[in-house]
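Descriptive analysis of the structure
Read off the chains here:
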Amino acid sequence: MKNEIQKILRKWEGNLRRNGSMDATRFSQVSNEIDSYIRTSKNTQVARLLTSCRDSTLSASPNNDKILRNVRHALFLLQKEINDEKRELGFDVDLGQRQRYEAISKKLYSEKLRFKGNKSLREADVTLMEGRDSRKVRRIVEKRMCQEYHRQNKHRSSYRCSGKARHEMDRAVSYQIFNLGQLDGHANQRGIGTHWKKIVDYSSGEYVMKKKVEYATLEEAQLHIELYKFAHPKDKRPMHAYYCEHCGHYHIGHDRGTETAA
Ligand SMILES: [Zn+2]
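Residues numbered from 1 in each chain as written. Predicted model: local features only at pLDDT ≥ 70, side-chain atom pairs only at ≥ 80, totals over all residues. Heavy atoms only, no water.

For the rest of this paragraph, the subject is the pattern of salt bridges. In total, this model carries 16 salt bridges according to the counting rule given. Residue Glu168 is joined to Arg171 by a salt bridge in which the shortest nitrogen-to-oxygen separation is 3.4 Å. Of this pair, Glu168 and Arg171 both sit in helix H8 (residues 163–179), separated by three residues, roughly a single helical turn. Here Glu168 falls in the buried class, since its relative accessible area comes to 8%. Note that Arg237 and Asp235 form a salt bridge whose closest N and O atoms lie 3.2 Å from each other. Its relative accessible area of 23% is what places Arg237 among the partly exposed residues. Among the residues examined, Asp235 registers a relative accessible area of 18% and is labelled buried. Members of the salt-bridge network, linked through shared partners, are Glu13, Arg17, Arg72 and Glu226. (Salt bridge = Lys/Arg side-chain N within 4 Å of Asp/Glu carboxyl O. Helix = DSSP H or I, 4+ residues; strand = E, 2+ residues; numbered from the N terminus. Buried < 20%, exposed > 50% of the residue type's maximum accessible area, 1.4 Å probe, protein only.)

Next up on the list: the domain arrangement of the protein. According to the domain assignment, the protein contains domain 1 (2–88), domain 2 (97–180) and domain 3 (182–262). For domain 1 versus domain 2, the distance between C-alpha centres works out to 37 Å. (Domains from an automatic or database assignment.)

What follows concerns the packing of helix H4 (residues 64–88) against helix H9 (residues 218–231). Interhelical geometry of H4 versus H9 gives an angle of 50 degrees and a closest axis separation of 10 Å. The angle between H4 and H9 places the two elements in the oblique class. Like other packed secondary-structure pairs, H4 and H9 cross with a definite hand, here right-handed. Contacts between H4 and H9 involve Arg69, Arg72, His73 and Phe76 from the first element and Leu223, Glu226, Phe230 and Ala231 from the second. Here the contact of H4 with H9 is composed, by residue class, of four nonpolar, one polar and three charged. (Axes fitted to C-alpha atoms, helices over the stretch in contact; angles between N-to-C directions. Parallel < 35°, antiparallel > 145°, perpendicular 65-115°, else oblique. Left-handed = near helix turned anticlockwise from the far one by under 90°. Contact = heavy atoms within 4.5 Å. Nonpolar A, V, L, I, M, F, W, Y, C, P; charged D, E, K, R; others polar.)

Evaluation of the coordinates by the stated rule reveals two aromatic pairs. Ring geometry for Phe76 against Phe230: centres 6.4 Å apart, planes inclined by 40 degrees, an arrangement best described as tilted. Of the two residues, Phe76 sits in helix H4 while Phe230 sits in helix H9, which places them 154 residues apart along the sequence. Overall, the relative accessible area of 28% leaves Phe76 in the partly exposed class. Between Tyr243 and Tyr250, the aromatic rings sit 5.4 Å apart at their centres with planes inclined by 65 degrees, giving edge-to-face as the arrangement. We note Lys136 situated over the ring of Phe115; from NZ or CZ to the ring centre the distance is 4.5 Å. (Phe/Tyr/Trp six-rings, centres within 6.5 Å; stacked < 30°, edge-to-face > 60°. Lys NZ or Arg CZ within 6 Å of the ring centre and 35° of its normal.)

A word on a positive patch on the surface. On the surface, a cluster of positive charge is contributed by Lys7, Lys11, Arg18 and Arg26. With three residues, the top contributor of residues to the positive patch is helix H1 (residues 2–19). For Arg26, the position within the fold is in helix H2 (residues 24–40). A relative accessible area of 42% means that Arg26 is categorised as partly exposed. (Patch = residues over 30% accessible without salt bridge, like charges linked within 9 Å, V, L, I, M, F, W, Y side chains within 5 Å. Areas by Shrake-Rupley, 256 points an atom, 1.4 Å probe, with all protein chains shown as cover. Lys, Arg positive; Asp, Glu negative; His and termini not counted. Charge placed at Lys NZ, Arg CZ, Asp CG, Glu CD.)

Here you go:
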């Protein structure tokens, strides 16, 4: 039931995002499923969001921005519920790349790049390096991460020739490429609204500068502000998206003067 609702909501999200409106005829095809979910579900929050979506879709002049917001919120809550249930049953919920690859990350953090005059690998930011250097760093990371994935999963019977293994390796590489790109010892020089954020390095426990997530367009960055707000409902500080001259992409951050030590 939850999975069907999730599928429907994903389709709605795509329609609203691309066309700015929801196809009313498509809505009537799934209205039975939506209604029965609203009647029977114990997740009252999702049911309330769905009721709101259904009612506004059927109204004479639907507010599509609001519907899109509610659809995304409902999707987020549903995924959370599904993950919680899996965890209770003892299934392997997506651990998060950080926990899964913590050991190899620590190893990579101590590696030096010989071709760059012994610069630390952890300072390498492939989006800002020259093509040849960036390709070299990518190759190094790719090799290490694929070996690590192989080491962790070779005992599984489903491991060989599976598309999932290839997908997970790609994912591991992307994660590590993003995870690198950290500057040590400059944390106090960070201005507000830059390419970096200030975080505690989990291997050394010290403040470091870490590159922010890069978004290709302003719209994409604004979408991620919304997603951030769903994930952190207690964080009421206003946020904005901005263009970064350092890398030519967009980042998101809290507004000036509202940053706290937490
Ligand atoms: Zn940037």
